[in-house]
Structures are given as C-alpha cells and as structure tokens.
Amino acid sequence: MLKNLTFKAFTEITKTATITVDQHGGRAKCLQRLVRLDMPVPTTVALSFDTVRQIAQGKMTDVDAILDFFGETPLVSVRPSAEGADWGGPGAILNIGMNERRHAVMVQRRGEDAANAIYLRFIHTYAVQVAHLDADLFPAVRNPLRSDVAEALRIYELETDEPFPEDPAEQLAGVLRSMARAWEGTSARLLRKARGAPENAGLGLVVQRMALGVGADESGSGVMQFINSTTGRAQITGRYMSQSQGRDALADKHAAIFLTRDPRGHSLEELAPGIFDQLVGLGELARAKLREEMQIEFVIQEGELCVIDAVRVARTARANVEIAVGLAVDRIITREEALLRVPPRSLNELMHWQVNPEAVRDVLLSAIGASPGAAVGKLVFSSTRAQALAAQGEACILVKRETSPDDVRGMHAAHGVLTAKGGMSSHAAVIARGLGVPCVVGAGHIIIDRRARAMRLPDGRLFEEGTVVTLDGSAGEVLAGEAEMLEPALGEAFQTLLGWADEIRDIGVRVNADTPQDARIARTFKAEGIGLCRTEHMFFDDDRLTVMREMIFADAPEDRADALRQLLPMQREDFTRLFEIMEGLPVCIRLFDPPLHEFLPADRQGVVDLANALGRPVSDVQARIDSMTEFNPMLGLRGVRLGITVPEIYEMQAQAIFEAVIALAEAGTEVVPEIMLPLVSAQREVEILQSRIEQVAAKVRAERGAIFNYKLGVMVETPRAALKAHAIAELCSFMSFGTNDLTQMTYGLSRDDAGRFMQTYVQQGVFKEDPFHYLDKEGVGELLQIGAQRGRKANPRIVLSICGEHGGTADSIAFARDAGFNYVSCSPFRVPVARLAGAHAVLTRR
Ligand code: PEP
Ligand code: MG
C-alpha cells in the first residue's frame, strides 16, 4: 500500500477523518459535511490528490484494501473530487463490482430486469470510459434481457481481445487509472485552466457504496434543490425517476416525475410522502449548516433514502445575489460574506436585459463585448436610420465601421450597437456604456456596405437592413433572430446588497454623466456625485451643432463671440439641470476636450449642407475643413490646448457654470462646481487658465452681486502630467486621472484602433489583458502612483480620483484604494459594480 508520513493514500469519510479540500477535493469534503450532519450517506472512501497523481504515473494503489471497506461482494461508484467545484473532471462510473456472480445474486434478490440493467450499464461505461471503445458499438437498450448483456460482453471481448474483467479489484483499478489519466489529458487541462484552475490542480476520487435505485419496493434516483436556479427564489425543483440510477431522472424528462405536487403529472410528494418530507428536512439542514443552497442527489433503495452527493446549486448571477442576501438575512452567513459571494462584475447581468442562459444560441459573430446587456432589433447601417426607426417605435441594432460624436443620437435611438473597428475604450464603447446600450466592437471580420445597407460575414452570408438579430454585449456576440431574454433584476436583494456594500466601502463612487438622463440613472444607482461631465457631448443637438459650426468658422473675434453668446444660455440650462438633479452633490465639469474638426461634416453632402447653412462657397468650407485636419488629432489641438489658443470657448463655459450656480442658489441649493481642465501637460497651462477662469468668476460675481465658490482641477491624462504632478497640484483642488488617454499615451496605442489587433495580442500573451479594459497596473499604474504621491506631497489636501473607463472595474478600484485615491468615477451602469467592488476592496484587505 502506498503510504507515507504526510498523507494516507485513502481515507474512509467519517465524521472525524482528516479530509481536506486541498488534499481530497470539494466533493469529498462536502460528503464529510453531510456525514457530520447524520445524513444517510453510503460508505465512502476518499483518495487523495497525491494518490491519484501516483496512479496516473502507473503506481496503482492498494485497491483490495479500498474494497475491504465495502464488504465481501462490493458494488461501488467512483466520482471525481477536484478542489474547485467548476474545474470539471472525468464522468462518474457506477456499478463497479458487477460480474457474473454478482449478477446471479442480484437476479435472486432484485429480479432479472434490475440485474440486467445494472450489469449492462456497467459494461457500457467501462468499455467506453476505461477501455476507450467506441460508444456506438453498444446500442442503447431500454429493458435489457440476459442476451443483451451477453452480447455486450461478447463485443467487449471481440474488440479488446480480452474477456471483460470479472474481478472487482481489477475493475476498480482500471477505473481509477483511466480517471487519473483523463485528468492529466490535454483537453481536461485546457478546460480547467479556462475555468481558473492552477496549472498543477489536483484530482481526488471518491469511491462510494452503490445505492442501487433499482429493485423491489420503491427504488429510484433523483435530484432536488430548493431554489430556482434562474431567479434565486425559493422553489423546490428537480426530478425523480423510479428504477433509475445516477442523474437519469434529469436526462429522461418523460419517465421522470415531479418532486412537488403538479397538475402536469405524478410527483414524489404523492408517491412517497415520507421520503419527500425527509428530503425537504435534509435540504433545510444542508442550507443552514453548509451555509449554501445545495442540490441533493438522492437514491431510494427499496424504500430507504440515501444521499449520495450534494453540490452547490448552479445559478445565474441574479440568482446568486438573491441567494447570498437570503442567507445573510436568515443569519446563516454574515453580510460581509454575502458581499464577497457576489463578484462585482456579475451585477452587470442584473442591470440589463440578458439572453436567457438556457436559450439556444445561434452565434453569427464574436468580437469584443464592450457594453453589457442584450438587445433584439432590426439591423440598420446609419444613425439617421436608427433615429427614423426609433421614431416609429421599432427596435434596431446600429451597425457602423466605427462611430463618431455625430452618431451619439443614433446610438441613443438604437437598442444595440455593433462596430467593425474599435476596442474597449473606443468612441462606440465609451458612449454605449454611458448610455447603457449593449455594444459589441472590433468585429473586424465583417464587411459593411453602407450603400447596399448590408453586412457580409466571413462565411459569405449577407445580412440586409431590417434583418432581426440579437446583440449580446455581455458575451460580445451577435445571434441570429430573436433570442429568449431575461429582464433586468434591480429588486430588493440587489438594493439590499448594495446598501451593505456602502456601509463598508471607503472609496467614493461618482458617475461620468453628461445628460440629465445619465444623471437621473446615476441617482437611482446612488452615485455620490458627477466625477466627469464631458461637455462636448452637449453640442451635438441639431440647433447647437449649427451654432457650434458658425463659431468654428468665424473669421473675426466678434463673430465668434456672437456664436458663443448663443451657446451660453444653452450651456447654462444644461448645467442648471444637472445641478438640479444632483441636488447639491458634487458635479465636476470638464471643459471642452475634443479637436474642433470633430464637429465638422465628414462627407461631401455634409459639406454642401454646411456651405448652404453658412452662406459660403463649398470650396471655402472645404478649404477650411482641410486646414483644420490634423495627422494625429488625439495628440493635436484639443483639450487645454484649445482652451489656451481659443480662450472664448472656456470663458463661455465658465460663465455658464457660474450663472447656473447662481440660479441654483436662488432656488435654495448651494453648489460648489468643480471645473476640470482636460489634457494638461504643463503647469503653465493651468496657471494661464486659472487666472482666466478667476477673471470670469470675478466678472459674474460683480455683475450679479452674487457670492459663490468653485474648485479648479485638472485631468491627468498625459504621462507628463503624472510626472509633473507636484508642480500641477500646487494650483489645483483636485486631480482626476483619465486612464483612457493615459493608457493610450503610455503605450503609444490608439484607443480607437487597438481593437484591430488586441485579440491577437491577448491570445498570444503579449498583453495579459486589454489595457483599455483592465488597468495596466505595472506601467500605467506606476504613473498613477507617481502622480498621486507627487501630487499629494505638494498639496496634501488634493482630492484624487480616476475617471477613465477603468474607474468601473473591480481590480482598478482596489488599486485606486491602495494608492490613496479618494474616489472613482464611471459610467452610470457601472456605478453599482463600483460600489460593490469598493466594499470588496476593504473586505479582501482585512
Ligand atoms: C480619459 O481619457 O480617461 C477620459 C476620461 O477622457 P475621455 O475618455 O473623454 O478622453
Ligand atoms: Mg481623455
């Protein structure tokens, strides 16, 4: 027998035996817990990881000694027991020990039918899983006769040149060897790696006395759970099947019966009320003592109940929240534990429509899931068509090569967005997340023909405008037709969990919001303020766009001033509404950021229309557009650079902000606005704008006889701003790190073009993850730490935050908290994720 000082090769699972998850696996440990609860578990022996490893290497353990636990004529099953419940493992093998002698005894005791069924099942499983014969050699037989058994034995012998093993020890050795080797196989390795298992994850095996489920009196098998796996609500579900084994009851829906009384057919509750009550009692016991919702696998053997296994109920994300909160409310687990049982990202599934995980998926294409949730709609290929369909009350999916600020309203009108270009922080991705619209980006393999209003997939299939598809932004897939959907679940459990998260969390969570609608959503999700209002999004309504274009085309300062005078009341109104909705919570307004040419038409027709609107020759307009074209607009005349060179825009915005503050003060709400300068890289930029904005403030104060305060801060988006944070921080009340641009500039990687090769980069392990999605803690993270430390040293009262897309992901929230940041700011639908992640960051550091 293989024994050494540190572990026993195998151990009978008793109340006091040493069984550990990291030596025997989760199933073995769970069975011990059931034994400790005095549940009727058949005798079980657990093989340790080391034993199974040695078996895989050809050193068989003492199978005779294992079989000694099961009496003179052993009949056992073997099941895998990995450390992680989801890491897979070889399929269970039942009825080991069946042979001619045992068959004869069984015929006497339980009848010919039962004996034949059990023997044949074992021969089949052994032949396929252990001897690796083709399953097709053994046709399925419903009520096998003795002759069917004989035929199976004959085929086995013919194919393997050996008689079917009679000796239970030889059978068990074969089963253990094949299971141990299967675990070491390439496909098993890949599968468990994909599920998060470490490279060297071990496998335990449990050998258990067979509870037969066939024979005289009531015999059969089934599974029972006490909650609905989709909703998480209390409901007994499962099936029972007389004269069956294993999970047959789930496989054969016709022969199986319901558990509880049901108008659709027979039930276990009617068939065996005593056993049913016993099972319900065991379920309650398991929930209370194992502190989890369990699915119980049971066998009725001639009227006696056996519990052969129990596993954590498989569940959707929404059910997981419901279950965690339910267990904490019943004081079975603590609130902290409930919080930790819900992965922050999984909340995305609760906030949006989802494709029902049970539904059949006909996947047309896979790309990057950039904004979660799912939507069904007709394909359209322009924003104008999206708006037109929306006006008719029709749902549509907007498909574009890439989106630009011009498309924001079309995206708003659409139920889902698909782009061929782009990555996690491309325009489409950022805007879609902000709007809460499901979005898939980077589908570089589709060919879009705008004129023909159609897209072609790599396999040649053509999809024309009007074709109904389902876009799944969580999975990054587009599915054919209308998939079955689940509605959002923002119910009591969701709210309760987030309330608990807020009590624990010590990092602030604000929202990136530009519109009243965003701000209202953010309030429902309990954001603590607006951390980033991108004001450029306010200029895309038709009436404003025209004035904006007039301002851009103005030759003389007076003309520009005139256009800005028209924009002033509109901006004032924008800010007033945001301040009203936020009711005194902090609002951080970023002054105009993008290059001006983004507001100019991109195609010939647009240029002609603009020339008409401005009353200028087309050639003039075109020449002007050409003169504004930059080779590298993201690194060109934008952000604070525009503020320095075209000062009137920022002055107008500052005036609008201050006047909105006065309007709120008059209505009884005090607002201290935060004004933020984008794309800063030098101290002097801040100095110049600080003095200009103060001049505007002084003018408004004097004109209106009003008293108000404001805070001035910068976005740290360039590596230089992070490095020179000490110089910049002296002039600021706050610094908000724009990790989208900072990632772009640190890597020298265009956020709009990275989608083209990001998948390859991640697949080949060049980048561990897409850095626009998961904060690159080593490189960009170092700049954040440097910026935070230097900024704080120069100005200890400075408020530090992250407002790039990373602000809404759990790992960056933990990072930001460790680096001493005060808050994160993210798109509205990520606020709940951030609130929960903030609590996790505290709990996992305790
Ligand atoms: C950023 O760069 O991180 C940011 C928040 O600004 P934007 O995404 O608008 O460029
Ligand atoms: Mg930016």
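Nothing here was measured: the structure is a model prediction, and the numbers come from that model.

Scoring rules and cut-offs
- Residues numbered from 1 in each chain as written.
- Chains lettered and ligands numbered in written order.
- Predicted model: local features only at pLDDT ≥ 70, side-chain atom pairs only at ≥ 80, totals over all residues.
- Heavy atoms only, no water.
- Donors = N, O, S within 2.8 Å, 3.2 Å for Na, K, Ca; no water.
- Helix = DSSP H or I, 4+ residues; strand = E, 2+ residues; numbered from the N terminus.
- Buried < 20%, exposed > 50% of the residue type's maximum accessible area, 1.4 Å probe, protein only.
- Pairing = 2+ DSSP bridges.
- Axes fitted to C-alpha atoms, helices over the stretch in contact; angles between N-to-C directions.
- Contact = heavy atoms within 4.5 Å.
- Near = heavy atom within 4 Å.
- Polar contact = N/O pair within 3.5 Å; in protein donor to acceptor, adjacent residues only side chain to side chain.
- Areas by Shrake-Rupley, 256 points an atom, 1.4 Å probe, with all protein chains shown as cover.
- Core = buried A, V, L, I, M, F, W, Y, C linked by side-chain atoms within 4.5 Å.
- Expected span 1.5 Å × (residues − 1).
- Arc of directions from axis to C-beta.
- Patch = residues over 30% accessible without salt bridge, like charges linked within 9 Å, V, L, I, M, F, W, Y side chains within 5 Å.
- Salt bridge = Lys/Arg side-chain N within 4 Å of Asp/Glu carboxyl O.
- Lys, Arg positive; Asp, Glu negative; His and termini not counted.
- Charge placed at Lys NZ, Arg CZ, Asp CG, Glu CD.
- Domains from an automatic or database assignment.
- Phe/Tyr/Trp six-rings, centres within 6.5 Å; stacked < 30°, edge-to-face > 60°.
- Lys NZ or Arg CZ within 6 Å of the ring centre and 35° of its normal.
- Right-handed = clockwise from strand over helix to strand, strands pointing away.

A. Structural context of the coordination of the magnesium ion (ligand 2). Binding of the magnesium ion (ligand 2) to the protein goes through Glu717 (OE) and Asp741 (OD), at separations of 1.9 to 2.0 Å. Here the residue Glu717 occupies a position in the loop between strand 27 (711–716) and helix 28 (719–723), and Asp741 occupies one in helix 30 (residues 739–747), the gap between them amounting to 24 residues. For Glu717, a relative accessible area of 2% gives the class buried.

B. Local environment of the sheet that holds strand 16 (residues 439–441). Strand order in the open sheet formed by 8 strands is 11-21-20-13-14-15-16-12, with mixed pairing between adjacent strands. Two strands lie at the open edges of the sheet, namely strand 11 (363–366) and strand 12 (368–371), each paired on one side alone. Taking the axes of each pair of neighbouring strands and ignoring which way they run, one obtains an average angle of 30 degrees across the sheet. Packing of helix 16 (residues 383–391) onto the sheet brings it into contact with strand 13 (374–380) and strand 14 (396–400), and relative to strand 14 it is tilted by some 175 degrees. Against the sheet, helix 18 (residues 427–435) touches strand 12, strand 15 (416–419) and strand 16, its axis set at about 170 degrees to strand 16.

C. Representation of the site of ligand 1. In the neighbourhood of ligand 1, the contacting residues comprise Leu532, Arg534, Arg590, Met715, Glu717, Gly738, Thr739, Asn740, Asp741, Arg751, Cys803 and Gly804. Residue Arg590 places a side-chain N or O atom 2.9 Å away from an oxygen atom belonging to ligand 1. At 2.7 Å, a backbone N or O of Asn740 approaches an oxygen atom of ligand 1. Protein chains bury 95% of the 290 Å² of accessible surface belonging to ligand 1 in isolation.

D. Fine view of the nonpolar core. Counting residues in each nonpolar core, the largest one holds 129 residues, and the members touching the most others are Leu347, Phe579, Phe658, Leu677 and Met735. Sort the elements by how many residues they give to this core and helix 26 (residues 647–666) lands first, with 11 residues.

E. Examining helix 7 (residues 146–160) more closely. Its 15 residues place the ends of helix 7 21 Å apart at the C-alpha level, agreeing with the 21 Å of an ideal helix rising 1.5 Å per residue. Residues of helix 7 that are buried include every one of Val149, Ala152, Leu153, Ile155 and Tyr156, and no others. Angular distribution of buried residues about the axis of helix 7 spans 160 degrees; they occupy a single face of the element. Tucked into the core, helix 7 has its buried residues touching helix 5 (100–110) and helix 6 (112–130). Note on helix 7: the residue one or two positions beyond its end, Asp161, has a positive phi of about 65 degrees.

F. Here's a closer look at a nonpolar patch on the surface. Residues Phe757, Tyr761 and Val766 make up a contiguous nonpolar surface patch of roughly 230 Å² in combined accessible area. Within the secondary structure layout, Phe757 lies in helix 31 (residues 755–763). On the basis of relative accessibility, which here comes to 30%, the residue Phe757 falls in the partly exposed class.

G. View of a negative patch on the surface. Judged by side-chain charge, Asp64, Asp68, Asp134, Asp136, Glu157, Glu159, Asp161, Glu162, Glu166, Asp167 and Glu170 come together as a negatively charged surface patch. Mapped by element, the contributors of at least two residues to the negative patch are helix 4 (63–68) and helix 7. Its place among the elements puts Glu157 in helix 7.

H. The arrangement of the domain arrangement of the protein in detail. Here the protein is described as being made up of domain 1 (2–209), domain 2 (220–315), domain 3 (354–486) and domain 4 (505–595 + 630–843). When each unit is reduced to the centre of its C-alpha atoms, the spacing between domain 1 and domain 3 is 48 Å.

I. Spotlight on the pairing of strand 9 (residues 304–312). Where strand 8 (residues 294–301) and strand 9 come together, 8 bridges link them in antiparallel fashion. Within strand 9, the position partnered with Phe298 by the bridge is Val307. Connecting strand 8 to the antiparallel partner strand 9 that follows it, the hairpin turn spans 2 residues, and Glu302 within it adopts a positive phi of roughly 50 degrees.

J. Spotlight on helix 5. Here helix 5 has its buried residues at Arg102, His103, Met106 and Arg110. Down the axis of helix 5, the buried side of the element spans an arc of 100 degrees, and every buried residue falls inside it. For helix 5, the exposed residues set more than 90 degrees away from the buried face come down to Arg101 and Gln108. In this fold, the buried residues of helix 5 make contact with helix 6, helix 7 and strand 8. Phi turns positive one or two residues past the end of helix 5, at Gly111, with a value near 100 degrees.

K. Just unusual backbone geometry, in detail. The residue Asp38 is not glycine, and still its phi comes out positive at about 60 degrees. Assignment of secondary structure puts Asp38 in the loop between helix 2 (26–36) and strand 2 (44–47). Taking relative accessible area as the criterion, Asp38 reaches 58% and is therefore assigned exposed. The phi angle at Arg453 is positive, at roughly 50 degrees, despite the residue not being glycine. With respect to the helices, strands and loops of the structure, Arg453 is situated in the loop between strand 17 (447–449) and strand 18 (454–456). For Arg453, a relative accessible area of 39% translates into the label partly exposed.

L. Local environment of the environment of Ala663. With respect to the helices and strands, Ala663 occurs in helix 26. Along the sequence, Ala663 and Thr576 sit 87 residues apart, while their C-alpha atoms lie 7.1 Å from each other.

M. Fine view of the pattern of salt bridges. This model, assessed by the stated rule, comprises 54 salt bridges. The shortest N-O distance in the salt bridge between Glu477 and Arg361 comes to 2.9 Å. Here Arg361 lies in the loop between strand 10 (354–355) and strand 11 and Glu477 lies in strand 21 (residues 477–480), a separation of 116 residues in the sequence. Look at Arg361 and you get partly exposed, because its relative accessible area is 31%. Note that Glu465 is salt-bridged to Arg385, the shortest N-O span being 2.9 Å. Here Glu465 is found in the loop between strand 19 (462–464) and strand 20 (468–472), whereas its partner Arg385 is found in helix 16, with 80 residues between them in sequence. We classify Glu465 as partly exposed; its relative accessible area is 22%.

N. Representation of the packing of aromatic side chains in the model. Inspection of every chain in the model, using the stated rule, returns 18 aromatic pairs. The interplanar angle of 15 degrees and the centroid separation of 4.7 Å between the aromatic rings of Phe540 and Phe599 together place this pair among those described as stacked. Pair noted here: Phe540 is in the loop between strand 24 (530–534) and helix 21 (542–553) and Phe599 is in the loop between strand 25 (587–590) and helix 23 (604–614), with a separation of 59 residues, a long-range link. You'll find Phe540 and Phe599 in the same group, each marked buried. An aromatic cluster of three or more residues is present, and its members are Phe122, Tyr126, Tyr156 and Phe164. When the ring centre of Phe553 is taken as origin, the NZ or CZ atom of Arg624, which lies over that ring, is 5.7 Å away. Its end group placed over the ring of Phe708, Arg701 keeps NZ or CZ at 4.7 Å from the ring centre.

O. Local environment of the pairing of strand 24. Most of strand 24 sits inside the fold, with 5 of its 5 residues counted as buried. The pairing of strand 23 (residues 508–512) with strand 24 spans 2 bridges and is parallel. Counted as the bridge partner of Val511 is Ile530 from strand 24. Considered for its hand, the β-α-β crossover made up of strand 23, helix 20 (residues 516–524) and strand 24 is right-handed. Bridge count for strand 24 against strand 25 is 3 bridges, and the pairing is parallel. What sits directly across from Ile530, in strand 25, is Val587.

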